[in-house]
Amino acid sequence: MNENLKWVAMWGNAVSISENRPESYAKDITLRYPVFCPFAGNKIRITFDNYCGLEAVSIARATVMVEGVFSQVSFGGSENVTIGAGQKSTSDEIDVCVKSGQTMYVSFYLEDYTQMRSSVYVQGPLSGGMYSLGDATREVEFDINRSRKTNIYYFLSNISILTGVENQAIVCYGDSITAQDWPDYLQLELRENGLNQYSVIRRATSGSRILREYSCITYESYGLKGTNRFEHEVPTDGATHVIIQQGINDIIHPVGVEVNPFRPMSDMPGLEELEAGMEWYIAKAKSYGYKVILGTLLPIEGWRTYAPFRDEFRNAFNEYMRNNHGVDGVIDFDKAVRDVRAPKAFGKSYDSGDHLHPSGKGYERMAQEALGFFLPGNIKKKRSASSMTRKERARLVIEKLKSEYPDSGCSLVYEEPWKLLISVRLAAQCTDERVNKIVPKLYEKYPTIEAIANAPLSDIEDIVNPCGLGRSKARDIKACMQMLHEVYKDIVPDSMEELLKLPGVGRKSANLIIGDVYGKPAIVTDTHCIRLSNRIGLVTDEKDPAKVEKALWKIVPPEEGNALCHRLVDHGRLICTARTAPYCDRCCLRDVCKSAK
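Please read all numbers here as calculations on a predicted model, not as lab measurements.

Enquirer: What should I look at first to understand the sheet that holds strand β19 (residues 168-174) in this one?
Expert: Sheets are built from strands paired through backbone hydrogen bonds, the pairs being either parallel or antiparallel. Pairing in this open sheet of five strands is parallel, and the strands run β20-β19-β21-β22-β23 from one edge to the other. The strands lining the two open edges of the sheet, one partner per strand, are β20 (198-204) and β23 (329-331). Each adjacent strand pair in this sheet contributes to an overall mean axis angle of 25 degrees, direction not counted. In terms of strand pairing, strand β21 (residues 239-245) meets strand β22 (residues 291-295) through four bridges, oriented parallel. Its bridge partner being in β22, V242 is matched across the sheet by V292. Set on the sheet, helix α2 (residues 182-192) makes contact with β19, β20 and β21; between it and β20 the angle comes to about 175 degrees. Across the sheet, helix α3 (residues 226-233) touches β19, β20 and β21, and the angle it forms with β19 is around 170 degrees.

Printed below as a string of structure tokens:
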């Protein structure tokens, strides 16, 4: 392959499930679809996808037509191909010269009875096909009496072209909003503005949700849920960006079984659940090396299932997206098409009439808003630290500290769980370094839980006294070991409830055991955690450890809590110190910290 050329998708659709009808099979028909060609090239390859099919599909023959000249499509040297249920097939390379801005036509003939299940509905100024009775794969024009228009795309899912290395694809992923006009208008806007290096690849299915899908034949055609779609649809030849605009159906579909037996209110997600679904998308797209752009959800006032609580949910999800610093951009479609005087609704010229989907002008406006991200000189503006949400700030703090302190861990040295219980009690108002020097003396004289439980209190006190508060610490240690031996049979419990029953064990100590020993979600609110959480802006003027812990649980992913607290300790000792002014000039958190100077 020429080193100055690469394969880039120039056209594409998702594959979903056709609406269930008695007439679900076809025979002896030709399907033809126009394909706008944003790039020039001399080789293409075509993918047919039977992802949602329950039976194999056979394509008897397929052709490509450019300016009235046909090229045969082959698969492994054969002009026909059978695609198994759930499978896809990509053609051989087809020698066909295509100019930028041309329209190419792909035709394929279904000779025998074919289950017409893998399909998607698409509309827009560049979309819409035809079908004809009989084999019309080499007819320049279909017979008007034997053909008809269709906006349903069957099986055809992707066309890639061997083109210049500067060219790249933008994937638009979503539901019916994206299955309709705005991706086509974006392609036209890009071309009008001289941005001919981009193709727009639509991956959208009407009615689909991030978190749920229907199993009933009444609504099966509303499409697969995100975890069954995203990995199949989004990886695309030459793609560099993905625009994700989805989530509204998760919010508006559930109505209760008393209204619709297939739409229980139990399908209604919580905000955090929907955000987690979007975070999964983001992580997957990042793993493909794509820049991730989120699109806010459009107004819904007047839609048939509209309710204030749904609009509040939509607004909260939009705010999450607007404040998401884990992505490369946010296109505020909501702001672009809403009525400035009544923002719950579309602007009048932007409403299609159903109060959910935009009008043609609305879709054009969406495309114009999306175009702004790709115009030369467009740089994503970072929000200031003062305007970040706490959850957003927590996410950035976790990422930055993870990079700065990848090997952070507990600085107390211990070999067995019960020894960590002793060390953490001794560490109160004492340095970990000193504790690590003292405890070996205790274990040399009293090497087991039972031995310490039966040791004279005065002996324990003499040994641990250099750690300060020797009398009270010795008393707690002896009582704790007695309870461990007598009640828990020398096994340190792994639950907060049971750990708090042990003398001298508070929530901080219990969380350390739960996180470090048992690897369960935990947040240790020691003095460093409390001080830094307030300075950074994860909490506000809160010094009570239990309240700080509760606040952090709301914004810190459970699996990150324990490691974050260890990293806060390291950062608090080295940079964000308590006894001297913090070293803001060399702090890795200075751009997200509310107190940075």
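Picking up where we left off.
Enquirer: Explain the sheet that holds strand β2 (residues 16-17) to me, please; I cannot follow it from the model alone.
Expert: Here three strands make up an open sheet; going across it, the order is β2-β14-β17 and the pairing antiparallel. Sheet topology places β2 and β17 (152-154) at the edges, where each strand pairs with a single neighbour. Taken together, the two bridges between β2 and strand β14 (residues 118-121) define a ladder with antiparallel strand orientation. Paired with S16 across the bridge in β14 is S119.

Enquirer: What am I meant to see in the pattern of salt bridges here?
Expert: Where charged atoms from two side chains of opposite charge approach closely, those side chains can pair. For the structure shown, the criterion picks out 33 salt bridges. For the salt bridge of K501 with E498, the shortest nitrogen-to-oxygen distance reads 3.2 Å. Residue classification places K501 among the partly exposed positions, given a relative accessible area of 44%. A single network of salt bridges, built from pairs that share partners, joins D311, R314, E319, R322, D332, D334 and R338.

Enquirer: I keep staring at the pairing of β19 and nothing clicks. Help me out?
Expert: As a general feature of sheets, a regular strand has side chains that alternate between the two faces. Of all seven residues making up β19, seven are buried, and the element is well covered by its neighbours. Pairing of β19 with β20, which is carried by seven bridges, proceeds in the parallel orientation. If you follow C172 over to β20, its bridge partner there is R202. Pairing between β19 and β21: six bridges, direction parallel. Looking at β21, one finds that A169 is bridged to A239.

Calculation criteria
- The residue count restarts for each chain, going from 1 along the sequence in the order it is written.
- Restriction of local features to residues with pLDDT of at least 70 applies here, the model being predicted, together with a cutoff of 80 or more for giving and counting side-chain atom pairs; totals for whole chains, interfaces and linings are based on all residues.
- Side-chain numbers come from the whole structure's heavy atoms, not from hydrogens or water.
- Pairs of strands are assigned from DSSP output, requiring at least two bridges between the strands.
- Helix and strand definitions follow DSSP, with helices as H or I runs of at least four residues and strands as E runs of at least two, each counted in order from the N terminus.
- Lines fitted to C-alpha atoms define the axes, with helix axes restricted to the stretch in contact, and inter-axis angles between N-to-C directions lie between 0 and 180 degrees.
- Contacts are assigned to residue pairs that have any heavy atoms within 4.5 Å of one another.
- Any Lys or Arg side-chain nitrogen found within 4 Å of a carboxyl oxygen on Asp or Glu counts as a salt bridge.
- Three exposure classes are used, based on accessible area relative to the maximum for each residue type with a 1.4 Å probe and protein chains only: buried under 20%, partly exposed in between, and exposed over 50%.

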